[in-house]
Amino acid sequence: MTRQEHFVKVCSCTSRGALGIQDLRVLNQIVSDEEASIAREKVARKMALRAIALGDICMASGCPIKAIRIWRAAAQRLLEMDYYWVDMPVYFEAYTSFNHLVSQHEGIALGQRIDNAWRLLGHSEMATWARHMRKQYCDMWVDRYYEAFP
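An account of the accompanying structure is given in this report. Everything numeric here is computed off the predicted structure, so don't read it as measured data.

Each packed pair of helices is defined by two parameters, the angle between the axes and the distance between the axes. For the pair helix α1 (residues 24-40) and helix α3 (residues 64-83), the least separation of the axes is 12 Å and the interaxial angle reads 0°. Our classification of the angle between α1 and α3 gives roughly parallel. Of α3, the residues touching α1 (which contributes N28, V31, E35, I38 and A39) are K66, R69, I70 and R77. In terms of residue class, the contact of α1 with α3 is made up of four nonpolar, one polar and four charged.

Viewed as axis vectors pointing N to C, α3 and helix α5 (residues 104-121) meet at an angle of 155°, and their least axial separation amounts to 9 Å. Viewed along their axes, α3 and α5 adopt a mutual orientation that is roughly antiparallel. Crossing angle aside, the handedness with which α3 passes α5 is left-handed. For the pair formed by α3 and α5, the contact residues are P64, I65, I68, W71, R72, A74, A75 and L78 on the first element and E106, G107, L110, R113, I114, A117, W118 and L121 on the second. Looking at side-chain class alone, the contact of α3 with α5 contains 12 nonpolar, one polar and three charged residues.

The subject of this paragraph is helix α6 (residues 129-145). Over its 17 residues, α6 extends 24 Å from the first C-alpha to the last, a length consistent with the 24 Å expected when each residue adds 1.5 Å. Taken as a whole, α6 has its buried residues at W129, A130, M133, Y137, M140, R144 and Y145. One face of α6 carries all of its buried residues, which in axial projection span an arc of 140°. Summarising the contacts, the buried residues of α6 are in contact with α3, α4 (98-101) and α5.

Okay, the pattern of salt bridges next. Following the criterion strictly, the structure yields six salt bridges and no others. Here E35 makes a salt bridge to R69, at a shortest N to O gap of 3.0 Å. Separated by 34 residues along the polypeptide, E35 in helix α1 and R69 in helix α3 bring together distant segments of the chain. Judged by its relative accessible area of 38%, R69 is partly exposed. Between R50 and E41 there is a salt bridge; the shortest N-O distance is 3.1 Å. R50 sits in the partly exposed class, given a relative accessible area of 30%. Here the salt bridges share partners, and the residues they tie into one network are E34, E41 and R50.

Definitions and cut-offs
Residues numbered from 1 in each chain as written. Predicted model: local features only at pLDDT ≥ 70, side-chain atom pairs only at ≥ 80, totals over all residues. Heavy atoms only, no water. Axes fitted to C-alpha atoms, helices over the stretch in contact; angles between N-to-C directions. Helix = DSSP H or I, 4+ residues; strand = E, 2+ residues; numbered from the N terminus. Parallel < 35°, antiparallel > 145°, perpendicular 65-115°, else oblique. Contact = heavy atoms within 4.5 Å. Nonpolar A, V, L, I, M, F, W, Y, C, P; charged D, E, K, R; others polar. Left-handed = near helix turned anticlockwise from the far one by under 90°. Expected span 1.5 Å × (residues − 1). Buried < 20%, exposed > 50% of the residue type's maximum accessible area, 1.4 Å probe, protein only. Arc of directions from axis to C-beta. Salt bridge = Lys/Arg side-chain N within 4 Å of Asp/Glu carboxyl O.

In structure tokens form, the structure reads like this:
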């Protein structure tokens, strides 16, 4: 008798080309490992992009609440990391704009993904994160340049 090897199906590809995790234990392990590495990330843009990718895996696996939790934590941490640049002096102001210093596009992308997940769950009243992120970055810009106003 030949020895048969058995494998546990961990993930699969969908017809749209997305990744779907089949085993929730594996997903929980991936999420906990990746959340720990995201928390150690020092670069705001990299942190946001990794959180977006991790949340996308959770959404593809059918766990939208877990994705919302990951994206919300990343958005709050991103705002904290970007607010550091409000009081930081920039020596080459003519060559550096505020948008080069902060991760506004990644923050708004996180907010839009949170809103889309809430709408998918049927709670469109909770879909306010994109607007919140835009307002926070607008407030950051005003805090940075308020002395230049007449």
